[in-house]
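Each chain, letter by letter, is given below.
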Amino acid sequence: MDTLKRSLGISPEQKVLLTVGRVAKEKNLAELLDYFGRLSLPDAVLCIVGGGTYLETLRQLAAEKGIADRVIFTDAVSPDKIPLYYQIGDIFLSASQSETQGLTYLEALASGLPLVCRKDACLDGIVTDGWNGGLYTSFEPFQKWITAFCGDAAVTQQLSRHAVQTAERFSAAGFAEKVEFCYQEVLKNWKMQSA
């Protein structure tokens, strides 16, 4: 983990706000750059992990906003290396409103990262404000969540535990338990109707 941070030019004391995925316009990464640039967190970096058609536009935008020295663009990363990037993160960010599966949300939660995401119906039951992350619709709540989650270490540890607990609900074992419960309910109802 420290090796990866060093290779990216991230010092140990810096907070890493992380986003992972395809770099395309519909992922709304320009909003993340804008909001990151407005934060009063000089000890934080924004790490955009992934490649795509919108990468050069975002690099130019970061330069125009004067934050290019605090934004890291990794370009495409091999899928087997992605877990290493989650390990260097402190908070997972998403401004996307075009997710269909949202696997990166669950990967981040399983890695113990609290989520700060643009409010979207696909996050119902995944992000609970103040418990495992925070949802936003404008800069003010975005700033509130980031500031709160980058502050107190005890709060960060609690959010991390809750993130992992949330991810466990979506694990293969969690899915099997839900299917078994449904099966048992159907069987119980069938027996009651047959009696």
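What counts, and where the lines are drawn
Residues numbered from 1 in each chain as written. Predicted model: local features only at pLDDT ≥ 70, side-chain atom pairs only at ≥ 80, totals over all residues. Heavy atoms only, no water. Helix = DSSP H or I, 4+ residues; strand = E, 2+ residues; numbered from the N terminus. Buried < 20%, exposed > 50% of the residue type's maximum accessible area, 1.4 Å probe, protein only. Contact = heavy atoms within 4.5 Å. Areas by Shrake-Rupley, 256 points an atom, 1.4 Å probe, with all protein chains shown as cover. Lys, Arg positive; Asp, Glu negative; His and termini not counted. Charge placed at Lys NZ, Arg CZ, Asp CG, Glu CD.

What follows deals with the overall build of the protein. The secondary structure content of the protein amounts to 8 helices and 6 strands. Shown N-terminal to C-terminal, the secondary structure of the protein runs as helices and strands in the order α-β-α-β-α-β-α-β-α-β-β-α-α-α. The dimensions of the protein, computed from C-alpha atoms along their principal axes, are 75 × 40 × 35 Å. Sorting the 195 residues of the protein into buried and exposed places 43% on the buried side. Taking all contacts inside the protein whose residues are at least 6 apart in sequence as the whole, residues at least 24 apart take part in 66%. Of the roughly 10,500 Å² of accessible surface on the protein, a fraction of 54% belongs to carbon and sulfur atoms. Here the protein holds 19 positive side-chain charges and 23 negative ones, and the gap between their average locations is 2 Å.

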